[in-house]
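Below, each chain spelled out in residue letters.
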Amino acid sequence: MSKVTQGVLGEDIIVPKHVGVIMDGNGRWAKKRGLPRKFGHREGAKTFRAIARHAKAIGISYITFYAFSTENWKRPKDEVNAIMDLFEKYLDEVRDFMDENIRVRFIGDRSMLNPRLQEKMKNVEEDSKDFDAMTLILAINYGGRDEITHAVKNIADEVASGKLSPSDVTENLIQNNLYTEEIPDVDLIIRPSGEQRLSNFLIWQAAYAEYYFTNILWPDFGKKDLDKAIITFSERNRRFGGI
Ligand code: IPE
Ligand code: IPE
Ligand code: MG
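Read on for an overview of the structure. Nothing here was measured: the structure is a model prediction, and the numbers come from that model.

**Points about the packing of helix 3 (residues 77–97) against helix 4 (residues 115–127)**
For any two helices packed against each other, the geometry is given by the interaxial angle and the distance between the axes.
Inference 1: Running from amino to carboxyl end, helix 3 crosses helix 4 at an angle of 20 degrees, the nearest separation of the two axes being 10 Å. Relative to helix 4, the element helix 3 lies roughly parallel. Crossing hand, helix 3 versus helix 4: left-handed. Residues Met 84, Phe 87, Glu 88, Leu 91, Asp 92, Val 94 and Arg 95 of helix 3 form the contact with helix 4, whose own contacting residues are Arg 116, Leu 117, Lys 120, Met 121, Asn 123, Val 124 and Asp 127.
Inference 2: Residue composition of the contact of helix 3 with helix 4, by class: 7 nonpolar, 1 polar and 6 charged.

**Points about the packing of aromatic side chains**
Inference 1: Scanning the entire structure with this criterion turns up 14 aromatic pairs.
Inference 2: Look at Phe 68 and Phe 87: their rings are 6.4 Å apart centre to centre, the planes differ by 90 degrees, and that puts the pair in the edge-to-face class. Pair noted here: Phe 68 is in strand 4 (residues 62–69) and Phe 87 is in helix 3, with a separation of 19 residues, a long-range link.
Inference 3: Phe 68 gets classed as buried once you look at its relative accessible area, which sits at 0%.
Inference 4: Ring centres of Phe 87 and Tyr 90 lie 5.6 Å apart, and the angle between their planes is 85 degrees; this geometry places the pair in the edge-to-face category. Of this pair, Phe 87 and Tyr 90 are both found in helix 3, 3 residues apart, which corresponds to roughly one turn of the helix. Across this residue pair, the class does not change: Phe 87 and Tyr 90 are buried.

**Some thoughts on the site of ligand 2**
Inference 1: Near ligand 2 you find Ile 22, Met 23, Asp 24, Tyr 66, Ala 67, Phe 68, Asn 72, Arg 75, Arg 191, Arg 197 and Ser 199, and these make up its full shell.
Inference 2: Within the side chain of Asp 24, one N or O atom sits 3.2 Å away from an oxygen atom of ligand 2.
Inference 3: Between an oxygen atom of ligand 2 and a side-chain N or O atom of Ser 199, the distance comes to 2.6 Å.
Inference 4: Considering ligand 2 on its own, with 390 Å² of exposed area, one finds that the protein chains cover 78% of that surface.
Inference 5: In this structure the site holding ligand 2 corresponds to the largest pocket.
Inference 6: With 3 residues, the single largest contributor to the shell around ligand 2 is strand 4.
Inference 7: For the shell around ligand 2, the class distribution of residues is 5 nonpolar, 2 polar and 4 charged.

**Re the site of ligand 1**
Inference 1: Around ligand 1, 13 residues are found, and the nearest of them are Met 23, Asp 24, Arg 28, Arg 37 and Arg 75.
Inference 2: In the model, an oxygen atom of ligand 1 is placed 2.9 Å from a nitrogen or oxygen of the Gly 27 main chain.
Inference 3: Here Arg 37 contributes a side-chain N or O atom positioned 2.9 Å from an oxygen atom of ligand 1.
Inference 4: Here ligand 1 loses 87% of its free accessible area of 380 Å² to cover by the protein chains.
Inference 5: A molecule is said to occupy a pocket when more than half its atoms come within 2 Å of that pocket's grid points, and by this definition ligand 1 occupies the largest pocket.

Rules used throughout
- Residues numbered from 1 in each chain as written.
- Chains lettered and ligands numbered in written order.
- Predicted model: local features only at pLDDT ≥ 70, side-chain atom pairs only at ≥ 80, totals over all residues.
- Heavy atoms only, no water.
- Axes fitted to C-alpha atoms, helices over the stretch in contact; angles between N-to-C directions.
- Helix = DSSP H or I, 4+ residues; strand = E, 2+ residues; numbered from the N terminus.
- Parallel < 35°, antiparallel > 145°, perpendicular 65-115°, else oblique.
- Left-handed = near helix turned anticlockwise from the far one by under 90°.
- Contact = heavy atoms within 4.5 Å.
- Nonpolar A, V, L, I, M, F, W, Y, C, P; charged D, E, K, R; others polar.
- Phe/Tyr/Trp six-rings, centres within 6.5 Å; stacked < 30°, edge-to-face > 60°.
- Buried < 20%, exposed > 50% of the residue type's maximum accessible area, 1.4 Å probe, protein only.
- Near = heavy atom within 4 Å.
- Polar contact = N/O pair within 3.5 Å; in protein donor to acceptor, adjacent residues only side chain to side chain.
- Areas by Shrake-Rupley, 256 points an atom, 1.4 Å probe, with all protein chains shown as cover.
- 1 Å grid on protein atoms, 1.4 Å probe; cavity = no way out; pocket = protein on both sides within 12 Å on 5 of 7 lines; lining within 4 Å.
- Sits in = over half its atoms within 2 Å of the grid points.

This is how it looks when you write it as structure tokens:
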């Protein structure tokens, strides 16, 4: 946890080191306006950019945005295609973040994504790897269970080949085989849109996370709402099993 350096939220506010955001409610936002769901996704992408910048301004070190889950492939093909097209745009725009000293990373199974998208992801990660004002993580085709399954497979391979023995399997070893390897555990998870569930987001990493739920739909989520979530977090008493 780090203190706010610029004092944007006030001297005594404890800013979480790693915030996770479940960008939910795009479809309902569009429906309320009689628009096709993809318009909600487009609006949600604007919110993503504004909130990412504000996160850096208030001193958050890591922020992970849940953009597409391993379960979201169940949606109608034209909605999935519209979301994938948006990612390509996101990625071109995400390059602007590099001028702001922001490192960009991705978590999730990329192998199912369009090769052009995969190439762009690799380039952004590579080109931003030395930036250190904040790390912005996009979870695309991400599922917590899928992530743990991958980790278990990797470890099983190493045990089968004799590189590791079963007694080498520790929490640290599992952590080091996750997509979030060397990213600290998430401290605060924010979910807009009124749903109160994780939907397979960072299930290992959220073991001791705090949760902040709001009925606001993601496209309407503003800087003040992020401030409110951080202030609420700052008032929580985290015990991690101690007293
Ligand atoms: C979140 O918004 C975006 C993705 C899951 C890709 P939704 O599309 O889930 O919006 P609602 O929940 O239907 O309102
Ligand atoms: C979670 O939202 C996934 C993302 C925001 C990317 P969903 O809309 O898919 O979650 P459920 O289906 O309501 O649990
Ligand atoms: Mg939803």
